[in-house]
Amino acid sequence: MSFFSGYPFFVCFFCAMCPAAVLGIKEKPLRWYRWLLTIVFVGMVYKREPLQLLYLLVYVFGACILIKGYLHIRTKYGRNGGSYGCAVLLALLPLAAGKAGGLYGKSIFGFLGISYICFRVVQVIIEIYDGVIRDVNVRDFLMFLLFFPALSSGPIDRSRRFKEDEETVYKRDEYLELLGKGGYKIILGMFYKIVCSACFFKLLEDNFAGRYGLFYAAGYAYVYGLYLFFDFAGYSAMAVGASYVLGIRMPDNFNKPFVSIDMKDFWNRWHITLSSWLRDFVFTRFMVNAARRKWFKSRLSRAFAGLMVNMILMGAWHGLEGRYIAYGVYHGLLLGGTEVFQKKSRFYQKYKNNLWYKGASWFLTLNMAMFGFLIFSGYVNEALGIMIHRI
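Cut-offs and rules
Residues numbered from 1 in each chain as written. Predicted model: local features only at pLDDT ≥ 70, side-chain atom pairs only at ≥ 80, totals over all residues. Heavy atoms only, no water. Helix = DSSP H or I, 4+ residues; strand = E, 2+ residues; numbered from the N terminus. Buried < 20%, exposed > 50% of the residue type's maximum accessible area, 1.4 Å probe, protein only. Contact = heavy atoms within 4.5 Å. Salt bridge = Lys/Arg side-chain N within 4 Å of Asp/Glu carboxyl O. Phe/Tyr/Trp six-rings, centres within 6.5 Å; stacked < 30°, edge-to-face > 60°. Lys NZ or Arg CZ within 6 Å of the ring centre and 35° of its normal. Core = buried A, V, L, I, M, F, W, Y, C linked by side-chain atoms within 4.5 Å. Axes fitted to C-alpha atoms, helices over the stretch in contact; angles between N-to-C directions. Parallel < 35°, antiparallel > 145°, perpendicular 65-115°, else oblique. Nonpolar A, V, L, I, M, F, W, Y, C, P; charged D, E, K, R; others polar. Lys, Arg positive; Asp, Glu negative; His and termini not counted. Polar contact = N/O pair within 3.5 Å; in protein donor to acceptor, adjacent residues only side chain to side chain. Patch = residues over 30% accessible without salt bridge, like charges linked within 9 Å, V, L, I, M, F, W, Y side chains within 5 Å. Areas by Shrake-Rupley, 256 points an atom, 1.4 Å probe, with all protein chains shown as cover.

**Student:** How should the side chain of Ser243 be read in this particular structure?
**Tutor:** Of note, Ser243 is situated in helix α9 (residues 214-245). For Ser243, a relative accessible area of 0% translates into the label buried. Setting aside residues up to four positions removed in sequence, Ser243 forms contacts with Phe147, Pro149, Ile248 and Met250.

Next comes the structure, spelled out in structure tokens:
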């Protein structure tokens, strides 16, 4: 069984949502029912991979010790860069080991959901360091990490926002509104993933996979991009919808990315929770440190470098294979180039509000995004490998 995939999961899922709806409508707390469902669904999904379940439990147990230990050190000794860096490194080590193992066909300490759980742990460490989080309840922290709708593929929520919803008992009208929105998102997500994603995957396999040349590359880019969107956006919509039904207002992960008029707009609409996490916890901090230590002569140079770091990390977060790193570098260059163009170009300042410019910019952005998906898919690597072999 997999999360939000397959007949057995959906039968169990819809059966589990009905009592939640009843509890919510009757203005009863949902906290303990969320815990029950999380334990049940984690058990069902991981039962065929007991080693992964063991790794998950070990990591979560270790994360609790790490968070409580670092909170004690932060409270007693104040802001110390050394202890802070060690805490972040310890949280990231299992993820790094899993990604490195993927290069050799073995996932060392890898388990379903490690990327998303790891970023949640790092977020809490960073906000303890900043003094924003002053206390961590272990029960709330565990639910934040393990909440089953978002366990394997996000979205990446924020701990303080999640905790606020965890403690809320909704009034009937408030919950009915959540239930309506959640039900709509679940149905939309199922349509995206079960119908749209499946259609584009079949089109991809039947007509473009294993075929090379300019026409096939363009077709593969578009069809793969649409398949990836409907698959991931469908999963995310179902996860968010399930969270709503269970009383957690999980943030949306997609917002019409293919209407974006530039690459910055695209990353404000695509995988929103990941891009906002990287912006808040990587890019912003890079900019502050770069300005304080005078690494660059101008703010524009800092921004370009920060965007490159941001997107290379985004690529590495997906995996350390060449296609993911290339995908990160590609988008770093696009975002950095967009930043320079919009800040320095008189042409942009003069025409940016014109309809023809927005149309041309949308068309260019769409094609750049689709080429990025071509890189991400590994198609470019395969095509280059065939060309080299023929030579």
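Resuming the write-up.
**Student:** Is there a simple way to think about the pattern of salt bridges in this case?
**Tutor:** Counted under the stated rule, the structure contains 21 salt bridges. Here Arg34 and Glu166 are joined by a salt bridge, their closest N and O atoms 2.7 Å apart. Taken together, the residues span a long stretch of sequence, with Arg34 in helix α2 (residues 31-46) and Glu166 in helix α7 (residues 159-166) at a distance of 132 residues. Like Glu166, Arg34 is buried. Of the charged contacts, one joins Arg161 and Asp157 as a salt bridge, the two residues approaching to 2.6 Å between their closest N and O atoms. The exposure class of Arg161 is partly exposed, given its relative accessible area of 26%. Asp157 gets classed as buried once you look at its relative accessible area, which sits at 3%. Linked by salt bridges that have partners in common, Arg31, Arg34, Arg139, Asp140 and Glu166 make up one network.

**Student:** Please explain the environment of Tyr224 as it appears in this structure.
**Tutor:** Examined against the element boundaries, Tyr224 turns out to sit in helix α9. Between the C-alpha atoms of Tyr224 and Ala209, which are 15 residues apart in sequence, the distance is 9.8 Å. In contact with Tyr224, not counting residues within four places along its chain, are Leu204, Phe373, Phe376 and Ser377.

**Student:** I tried to follow the packing of aromatic side chains on my own but got confused; where do I start?
**Tutor:** For any pair of aromatic rings, geometry is given as the distance between the ring centres together with the angle between the planes. Here the structure, examined in full by the defined rule, presents 54 aromatic pairs. Between Phe229 and Phe258 the ring centres are 5.4 Å apart and the planes differ by 65°, which places this aromatic pair in the edge-to-face class. Taken together, the residues Phe229 in helix α9 and Phe258 in the loop between α9 and α10 (263-267) connect sequence positions 29 residues apart. As far as the burial class goes, Phe229 and Phe258 line up, both buried. Taken together, the ring pairs connect Phe3, Phe4, Phe9, Phe10, Phe13, Phe14, Phe41, Phe144, Phe147, Phe148, Phe162 and Tyr235 into an aromatic cluster. Geometry around Tyr129 places Arg79 over its ring, the cationic atom sitting 4.1 Å from the centre. Across the ring face of Tyr244, the terminal group of Lys185 is positioned such that the distance to the ring centre comes to 5.7 Å.

**Student:** For this particular structure, what's the right way to read the nonpolar core?
**Tutor:** The nonpolar side chains of a soluble globular protein tend to be buried, and buried together. Core analysis: the largest hydrophobic core is formed by 122 residues, its most contacted members being Phe3, Phe4, Val121 and Ile125. In terms of residue count, α9 provides more of this core than any other element does, 18 residues in total. With residues up to four places along the chain from it excluded, the contact list for Ile125 reads Leu66, Ile67, Tyr70, Tyr84, Ala87, Val88 and Ala91.

**Student:** Sorry if this is basic, but what is going on with the packing of helix α3 (residues 50-77) against helix α4 (residues 81-102) here?
**Tutor:** Each packed pair of helices is defined by two parameters, the angle between the axes and the distance between the axes. Across the interface, α3 lies against α4 with an axial gap of 11 Å and an inter-helix angle of 175°. Relative to α4, α3 is oriented roughly antiparallel. Contact residues: α3 offers Tyr59, Leu66, Tyr70 and Ile73, while α4 offers Ser83, Tyr84, Ala87, Leu90, Ala91 and Pro94. Class assignment for the residues of the contact of α3 with α4 results in nine nonpolar, one polar and no charged.

**Student:** Honestly, the side chain of Asp262 in this entry has me stumped. Any pointers?
**Tutor:** Relative to the assigned elements, Asp262 resides in the loop between α9 and α10. Although Asp262 is buried, it forms no salt bridge, and the closest oppositely charged side chain is Lys264 at an N-O distance of 6.2 Å. In this structure the side chain of Asp262 is engaged in a polar contact, spanning 3.1 Å, whose partner is the side chain of Gln342. In this view, Asp262 contacts Thr338, Gln342, Ser361 and Thr365; residues no more than four positions away in its chain are not counted.

**Student:** Sorry, what's going on with a nonpolar patch on the surface here?
**Tutor:** A contiguous nonpolar surface patch, about 260 Å² in accessible area, is contributed by Leu51, Leu54 and Val58. Relative to the helices and strands, Leu51 resides in helix α3. With relative accessibility at 48%, the residue Leu51 sits in the partly exposed group.

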